[in-house]
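Analysis of the macromolecular model
The primary structure of each chain is shown beneath.
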Amino acid sequence: MELLVRYLDRSNSVSSVTTLDAIKEETLRDDLKYYFMSPCEKYRARRHIPWKLGVQILKIIMITTQLILFGLNNQLVVSYKEENMMALKNLFVKDYSGVDEDDYCVAVYTQHDVYDSLFHVLDQYSQLGRLAVGPISYAEDEDGKMLPFTICKKYYKRGSVEPSDEAYDIDAQLETVCITLDPKTVNQWKTQNSSFFQLDFYRLVDVTVTFRLNGINLQTVRSRELPDCYSFYITITFDNQCHSGKVKIFMDINSESSACRDWKISGTAQKNTHYLLVFDAFVILVCLTSAVLCTRSIVLAVKLLQRFSRFLHENYNRKVCEDDQGEFLNGWYVLVIVSDLLAIIGSILKMEIQAKSLTSYDVCSIFLGTSTLMVWVGVIRYLGYFQKYNVLILTMKAAFPKVLRFCCCAGMIYLGYTFCGWIVLGPYHEKFEGLSRVAECLFSLVNGDDMFTTFAQLKDKNTMVWLFSRAYLYSFISLFIYMVLSLFIALITDAYETIKNYQKEGFPLTDLQKFLREQRDSSAAEESSQTDAHVRGSVFCCCQRAPEGDDVILIS
């Protein structure tokens, strides 16, 4: 009798342990299934509102609206700078045609033209108030004094050149001599500094004229924005470094914007600025919420991975494979968090610009543009719940490692052609003058752009270089278009066909997928199938999952 009692107690204890393990396993399976569900399926399963989806939709709308508003304002700023640059070039550069010649404004070829162009700058500067059409004037320092007008000439310290005798004596050390002129008395330069303008052209390297002007961008008033004040740092250079008989005239203009020191404006500009600041603050709040929710999901995924890893180790003495680990460590959440951080930084910069504390329009546009790009790319995650759209995502995921390795190999050949084209064809072809221009030219050739123009623009004065250019261009085009580009497309096509076959025949099952497919009893299987059918047939739930066996493969 005692033996029977002991046997029954032992059986009850073993049964209770087995039941407890089964409950833990089912709980883990349910948690994993719920984690990999789409937002609509989660709502149907547990009536949990998909907050992340709602926040992402709201964030897309707000960030895109913010980008458009800032872009319109930035276009006004850029157009103001470009139009001012064109106006200043026409004002100070004599005989400027409106189009730069290569990288310089104009070129002069006689001493008389050099003097005329130099004196033209001084004359125009002295008459700025009478000639300028826009709101632009001489710059002043903090004490209200006008900043000086500076002219510097750089020349060899000593030298004599006799081309007829093929003789020269040059001291390569350079000297720089400068004079400063007051804007009010600049028109008296001829009588006061006549000796300075006696140029020895055989020793002259360059003449540099520098001055500063101030302007106000009034066109932003139309968009209900406070106008910015601008400082234009202008440098006009007469370049004679080549001593080839051609003096190039460059005009460089650097502009800086700042808040005007004293201003008064009536209307709704200031009120509009306050509305924009509130809107930007709300964007920051939404992005913070999105980042917190995604971080929470990553933490939950790590905990689930640890539970699943412990389950495999305790029951099967196995480790989680890399594919299954990749399902838990969701890269989409990382992308969303990075986009949120960039949007927050860009919004803060935009608020500072609106408050006239900063003027970094370009930096702000980079942050806002990159964040908007990532936000819209993140939409692909939700499209992945549709089977047809998921084919594109899976193809990109499968082809990416092969494409990356292929591009590394092709890049070596591409770099070789880049360096070769620059050193050989650079002096004879404008598209090969710099390494970056060579790379851009070759990339356009790969895509079939400007082929005839690239062949035709080569100067055929050197027969050897002309023959080499033909062999160079024909070999590059044949190699990259007919071989490299075709193999590149073949890699993607192969990945696409593989994914299509997997969708027809079924994806290879990993340990995680096998675990999720297991059912303890038929009633549980029947209940699950009924739930899946209800989800798929729902009008409200537009997110349809892939066929059975692909659940975990889908982007979650």
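Residues numbered from 1 in each chain as written. Predicted model: local features only at pLDDT ≥ 70, side-chain atom pairs only at ≥ 80, totals over all residues. Heavy atoms only, no water.

**Re the overall build of the protein**
Worth spelling out the cut-off: Helix numbering and strand numbering both begin at the N terminus, where a helix is a DSSP run of H or I of at least 4 residues and a strand a DSSP run of E of at least 2. Residue contacts are counted whenever heavy atoms from the two residues lie within 4.5 Å of one another. In this description, accessible areas are obtained by the Shrake-Rupley approach with a 1.4 Å probe, and a residue is regarded as covered only by the protein chains that are shown.
Counting secondary structure elements, the protein contains 17 helices and 7 strands. Sequence-distant contacts in the protein: of pairs separated by 6 or more residues, those separated by 24 or more amount to 71%. A total of about 32500 Å² of accessible surface is found on the protein, and carbon and sulfur atoms cover 59% of it.

**Looking at the packing of aromatic side chains**
To describe a pair of aromatic rings, one takes the distance between the centres and the angle between the planes. The condition is simple: Pairing of aromatic rings covers Phe, Tyr and Trp, the last counted by its six-membered ring, and requires centre-to-centre distances within 6.5 Å; plane angles under 30 degrees mean stacked, over 60 mean edge-to-face, and any other angle means tilted. Here the term buried applies to any residue with accessible area under 20% of the maximum for its type, exposed to any over 50%, and partly exposed to those in between, with areas from a 1.4 Å probe on protein chains only.
According to the stated counting rule, one finds 21 aromatic pairs in the structure shown. Residues Tyr417 and Phe476 carry aromatic rings whose centres are separated by 5.1 Å and whose planes lie at 65° to one another, so their mutual orientation is edge-to-face. Here the residue Tyr417 occupies a position in helix H12 (residues 387–425), and Phe476 occupies one in helix H15 (residues 463–505), the gap between them amounting to 59 residues. Residue class for Phe476 comes out buried when judged on its relative accessible area of 1%.

**What to know about the pattern of salt bridges**
Put simply, the test is: When a carboxyl oxygen of Asp or Glu lies within 4 Å of a side-chain nitrogen of Lys or Arg, that pair is called a salt bridge.
One pass over the structure, following the stated rule, counts 6 salt bridges. A salt bridge links Arg203 to Asp200, with the shortest nitrogen-to-oxygen separation between them at 3.1 Å. By relative accessible area, which is 35% here, Asp200 ends up partly exposed. Residue Asp280 is joined to Lys350 by a salt bridge in which the shortest nitrogen-to-oxygen separation is 3.1 Å. Highlighted residues: Asp280 in helix H7 (residues 269–316) and Lys350 in helix H9 (residues 331–354), separated in sequence by 70 residues. Given a relative accessible area of 1%, Lys350 falls into the buried group.

**Observations concerning unusual backbone geometry**
Phi is positive for Asp95, which is not a glycine, with a value near 60°. Secondary-structure assignment places Asp95 in the loop between helix H3 (51–92) and strand E1 (106–108). Backbone geometry places His243, a non-glycine residue, at a positive phi of 50°. Positionally, His243 belongs in the loop between strand E6 (228–239) and strand E7 (247–258).

**Focus: the pairing of E6**
Using the following cut-off: Pairing between two strands is assigned when DSSP locates at least 2 bridges connecting them.
Among the 12 residues of E6, 10 are classified as buried, and the element is accordingly described as predominantly covered. Pairing between E6 and E7: 11 bridges, direction antiparallel. Bridge pairing in E7 places Tyr230 opposite Ser257.

**As for the confidence of the model for the protein**
Predicted coordinates in areas of low pLDDT are best not read in detail. The line we're drawing: Per-residue confidence from the prediction method is given by pLDDT, with values spanning 0 to 100.
Looking at the protein as a whole, the pLDDT averages 78, with 81% of positions reaching at least 70. Residue range residues 520–556 is modelled with pLDDT below 50. Its contacts to residues more than four positions away, or to other chains, number 64 contacts.

**Here we look at the state of the cysteines**
Under the convention used in this document: Only a pair of cysteine sulfur atoms within 2.5 Å counts as a disulfide in this structure description.
Counted according to the given criterion, the structure contains 1 disulfide. There is a disulfide in this structure between Cys152 and Cys178, and the S-S distance comes to 1.9 Å. Taking the sign of the S-S torsion, 115° for the link of Cys152 and Cys178, the bridge is right-handed. You can see Cys152 sitting in strand E3 (residues 149–162) and its partner Cys178 sitting in strand E4 (residues 167–181), a full 26 residues away along the chain. Among the residues examined, Cys152 registers a relative accessible area of 17% and is labelled buried. Here Cys178 falls in the partly exposed class, since its relative accessible area comes to 42%.

**Section: the pairing of E7**
As judged from the 3 bridges shared by E1 and E7, these two strands associate in the antiparallel manner. Across the sheet, the residue bridging to Val106 is Ile249, located in E7.

**Notes on a negative patch on the surface**
Using the following cut-off: Patches were defined on residues exceeding 30% relative accessible area and lacking a salt bridge, with like-charge contacts within 9 Å and nonpolar side-chain contacts (Val, Leu, Ile, Met, Phe, Trp, Tyr) within 5 Å. In this tally, Asp and Glu contribute negative charge and Lys and Arg positive charge; neither His nor the terminal groups of the chain are included. By convention, the point assigned to a charge is CZ for Arg, NZ for Lys, CD for Glu and CG for Asp.
A contiguous patch of negative charge on the surface is contributed by Glu101, Asp102, Asp103 and Glu430. Residue Asp102 is classed as exposed on the basis of its relative accessible area, which comes to 57%.

**A look at a nonpolar patch on the surface**
Taken together, Met412, Ile413, Leu415, Phe419, Trp422, Ile423 and Leu435 make up a surface patch of nonpolar side chains, about 680 Å² in accessible area. In terms of residue count, the dominant contributor to the nonpolar patch is H12 (6 residues). When you line up the elements, Phe419 lands in helix H12. Residue class for Phe419 comes out partly exposed when judged on its relative accessible area of 46%.

**Brief notes about H15**
We count it as follows: Given the number of residues in a helix, its expected span is that number minus one, multiplied by 1.5 Å. Values of bend correspond, residue by residue, to the angle between axes fitted over the seven residues ending at that residue and the seven starting there.
Here H15 contains 43 residues, and its C-alpha end-to-end distance of 62 Å stays within 8% of the 63 Å for a straight helix at 1.5 Å per residue. The sharpest bend along H15 reaches about 35° and sits at Phe480.

**A few points about the nonpolar core**
As a reminder of what qualifies: What we call a nonpolar core is a set of buried Ala, Val, Leu, Ile, Met, Phe, Trp, Tyr and Cys residues that are connected through their side-chain atoms within 4.5 Å.
In terms of nonpolar packing, the biggest core is built from 47 residues, with Phe92, Ile151, Phe211, Leu213 and Ile236 touching the most fellow members. Core analysis: the next-biggest nonpolar cluster, separate from the first, contains 21 residues, Leu458, Phe476, Ile481 and Val484 among them.

**Concerning the environment of Phe367**
Looking at where Phe367 falls in the secondary structure, it is placed in helix H10 (residues 361–378). When its relative accessible area of 23% is taken as the criterion, Phe367 is described as partly exposed. Considering only alpha carbons, one finds Phe367 and Leu349, 18 residues apart in sequence, at a separation of 9.0 Å.

**Brief notes about the side chain of Ser297**
Along the chain, the position of Ser297 falls in helix H7. Dropping the residues within four chain positions of it, Ser297 is found in contact with Tyr35, Lys52 and Tyr333.

**Points about the packing of H9 against H10**
Our working rule: For helices, the axis comes from a line fit to the C-alpha atoms of the stretch in contact; other axes are also lines fit to C-alpha atoms, and the angle between any two N-to-C directions lies between 0 and 180 degrees. For classification purposes, an angle smaller than 35 degrees is called roughly parallel, one larger than 145 roughly antiparallel, one from 65 to 115 roughly perpendicular, and anything else oblique. In this scheme the crossing of two helices becomes right-handed for a clockwise turn of the near helix relative to the far one and left-handed for an anticlockwise turn of less than a right angle. Only Asp, Glu, Lys and Arg are considered charged, only Ala, Val, Leu, Ile, Met, Phe, Trp, Tyr, Cys and Pro nonpolar, and every remaining residue, Gly among them, polar.
One way to put it is that H9 packs onto H10 with a least axis distance of 8 Å and a crossing angle of 150°. What the angle tells us is that H9 and H10 run roughly antiparallel. Both H9 and H10 take part in a crossing whose hand is left-handed. Where H9 approaches H10, its residues Trp332, Leu335, Val338, Ser339, Leu342, Ala343, Ile345, Gly346, Ser347, Leu349, Lys350 and Ile353 are matched on the opposing element by Tyr361, Val363, Cys364, Phe367, Leu368, Thr370, Ser371, Met374, Val375, Val377 and Gly378. Classifying every residue of the contact of H9 with H10 by side-chain character gives 16 nonpolar, 6 polar and 1 charged.

**Remarks on the side chain of Asp340**
Structurally, the position occupied by Asp340 is in helix H9. For Asp340, a relative accessible area of 0% gives the class buried. Residue contacts for Asp340: discarding those within four places in its chain leaves Lys59, Cys287, Ser290 and Ala291.

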